Amino acid sequence: MRIVDLTTSVAGPYGTMLLSDFGAEVIKVERPSGDDARQWGPPFLDGQALWFASVNRNKKSVALDLRQEEARASLTTLIEGADVFITNQPPDVQRKLGLDYESIKAIREDIIFVSITGFGLSGPRAELTCYDLIAEGYSGIMDITGAAGGKPQKIGAPAADMLAGQDAAMATMAALMDRQRTKQGHKIDISLVESMTRFLTCRISSYLGSGDVPVRSGGTDSVIAIYQPFDTADLPINLGLGSDPIWTRFWKAMGDEEYGARPEFASNAKRREARAEIVDRIQEILLTRSRAEWLALFATARVPAGPINRVDEVAGDAELQARGLFFALEDDAGNVSPQIGLGIQVDDSICVPRSVPPRLGEHNDEVLGQT
């Protein structure tokens, strides 16, 4: 499958990189100044912005000034030979540049057209510009993230971008499958705000059914009674006591089965009522040993628990490394690009990367010479 990709920043490029990891050929069409993310640094490595490099492997870069007639003709030829066209321009810009669905469909009738915008292609907010931060604010996630009584916080990664990109890839694959059956193209409309809002499905559903508005709590207000971080004698730990059998095993491991068997703690609903008391009791005990000791004990007892890792600890995780999640790509000049894999294995195999993130316009001659 060939994809003509006019997206910039993170959401669109991440979506097309996912498709490229599954085998699609992606032609990345950039302005002469390049994808905005090429400038998002420091940090840079070998002159390449690492944010850009993280979402653009396996692609061929073509730099075109679409204000020029010759460049427009080249783009038209690319679209004629493409299965998918994807853009993240606002609707008015799509129409102005002739990159909207009707214009692209006129070039290739059965094209899969994918639009990723902040608010979607319809509605009074459709023309507003948007970034991940703005989408997180609209979605409600920032209002429930952070310490109790503290200020709203953004998630520590571009969550709306990544979710929207994943949605775009998933919808594209579904549309391509349907086209094989019907021979018809499709228009796919992805909204950063809606992808991020769907991330709150459990929270919003709980509000709609109960009327209870969730508030910031530092992640200690889960519907599961005990589902939060705790301190140990040295480093913090996460505990998830998500069922009655786990609750029983936990207190056996803690050496206090009698406390866990108290009738006032007999169900998750009852434990939620007594959450403050239980949390204090657990915290008191956990302070008596190190995190490593507790993790070993809970692993044996089959109690869900884990560390709260820094990014450097995640990158150094031997198990994740062994499963091929982290790797590096090297170009012909010896420049190295660190990469993070899909975390998806098919038939016991991880994705096989084909090429490093491209330099701006690197494939102009190769790609346009074919048109």
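Residues numbered from 1 in each chain as written. Predicted model: local features only at pLDDT ≥ 70, side-chain atom pairs only at ≥ 80, totals over all residues. Heavy atoms only, no water.

(A) Highlighting the overall build of the protein. Across its full length, the protein holds 17 helices and 13 strands. Counting only C-alpha atoms and orienting by the principal axes, one finds that the protein spans roughly 80 × 50 × 40 Å. Residues counted as buried form 43% of the 371 residues belonging to the protein. Look at the contacts in the protein between residues 6 or more apart in sequence, and 70% of them connect residues 24 or more apart. Split by element, the accessible area of the protein, about 19200 Å² in all, is 54% carbon and sulfur. Side chains of the protein carry 38 positive and 52 negative charges; the gap between the two charge centres is 3 Å. (Helix = DSSP H or I, 4+ residues; strand = E, 2+ residues; numbered from the N terminus. Buried < 20%, exposed > 50% of the residue type's maximum accessible area, 1.4 Å probe, protein only. Contact = heavy atoms within 4.5 Å. Areas by Shrake-Rupley, 256 points an atom, 1.4 Å probe, with all protein chains shown as cover. Lys, Arg positive; Asp, Glu negative; His and termini not counted. Charge placed at Lys NZ, Arg CZ, Asp CG, Glu CD.)

(B) Quick peek at the packing of helix α10 (residues 244-253) against helix α14 (residues 291-301). One way to put it is that α10 packs onto α14 with a least axis distance of 10 Å and a crossing angle of 135°. It follows from the interaxial angle that α10 and α14 lie oblique. Regarding α10 and α14, the two cross each other, and that crossing is right-handed. Contact residues: α10 offers Arg-249, Phe-250 and Ala-253, while α14 offers Leu-297, Phe-298 and Ala-301. Along the lines of polarity and charge, the residues of the contact of α10 with α14 split into five nonpolar, no polar and one charged. (Axes fitted to C-alpha atoms, helices over the stretch in contact; angles between N-to-C directions. Parallel < 35°, antiparallel > 145°, perpendicular 65-115°, else oblique. Left-handed = near helix turned anticlockwise from the far one by under 90°. Nonpolar A, V, L, I, M, F, W, Y, C, P; charged D, E, K, R; others polar.)

(C) Highlighting α14. Residues of α14 that are buried: Arg-291, Trp-294, Phe-298 and Ala-301. All buried residues of α14 fall inside an arc of 95° around its axis, so they share one side. For α14, exposure combined with an orientation more than 90 degrees from the buried face picks out Ala-292, Ala-299 and Thr-300. Where α14 is buried, its residues contact β10 (237-241), α10, α13 (275-286) and β11 (305-307). Following α14 by one or two positions, Arg-302 adopts a phi angle in the positive range, close to 60°. (Arc of directions from axis to C-beta.)

(D) Layout of unusual backbone geometry. Residue Gly-41 is joined to Pro-42 through a cis peptide bond whose omega torsion reads 0°. Position of Pro-42 relative to the elements: it lies in the loop between β2 (25-30) and β3 (44-45). Cis geometry marks the peptide bond from Pro-42 to Pro-43; its omega dihedral reads 10°. Mapped onto the elements, Pro-43 comes out in the loop between β2 and β3. Its identity is not glycine, yet Arg-302 carries a phi of approximately 60°, on the positive side. As for its placement among the helices and strands, Arg-302 is situated in the loop between α14 and β11.

(E) Representation of the sheet that holds strand β8 (residues 186-191). Read across the sheet, six strands follow the order β5-β2-β1-β6-β7-β8 without closing on themselves; strand pairing throughout is parallel. In this open sheet, the two edge strands, each paired with only one partner strand, are β5 (59-63) and β8. Strand after strand, the sheet turns through a mean of 20° between neighbouring axes, direction not considered. Strand direction decides the pairing type here: β2 and β5, joined by five bridges, are parallel. Of the residues in β5, the one forming a bridge with Ile-27 is Lys-60. Where helix α3 (residues 69-80) meets the sheet, its contacts fall on β1 (2-5), β2 and β6 (84-87), and the angle it forms with β1 comes to roughly 145°. Docked against the sheet, helix α7 (residues 159-182) engages β6, β7 (112-117) and β8, running at close to 165° with respect to β8. (Pairing = 2+ DSSP bridges.)

(F) Region of interest: the side chain of Gln-94. By the element assignment, Gln-94 lies in helix α4 (residues 91-97). Residue classification places Gln-94 among the buried residues on the basis of a relative accessible area of 2%. Excluding residues that lie within four positions of it along the chain, Gln-94 makes contacts with Thr-87, Gln-89, Leu-99, Asp-100, Phe-113, Ser-115, Thr-117 and Leu-121.

(G) Molecular detail of the packing of α10 against α13. As a packed pair, α10 and α13 sit with axes 12 Å apart at the nearest point and diverge in direction by 40°. Note that α10 runs across α13; the crossing there is left-handed. Taken together, the residues of α13 that come into contact with α10 (itself represented by Trp-247, Phe-250 and Trp-251) are Ile-278, Arg-281, Ile-282 and Ile-285. Residues belonging to the contact of α10 with α13 are distributed by class as follows: six nonpolar, no polar and one charged.

Read these as layout, nothing more, since geometry by itself doesn't imply function.
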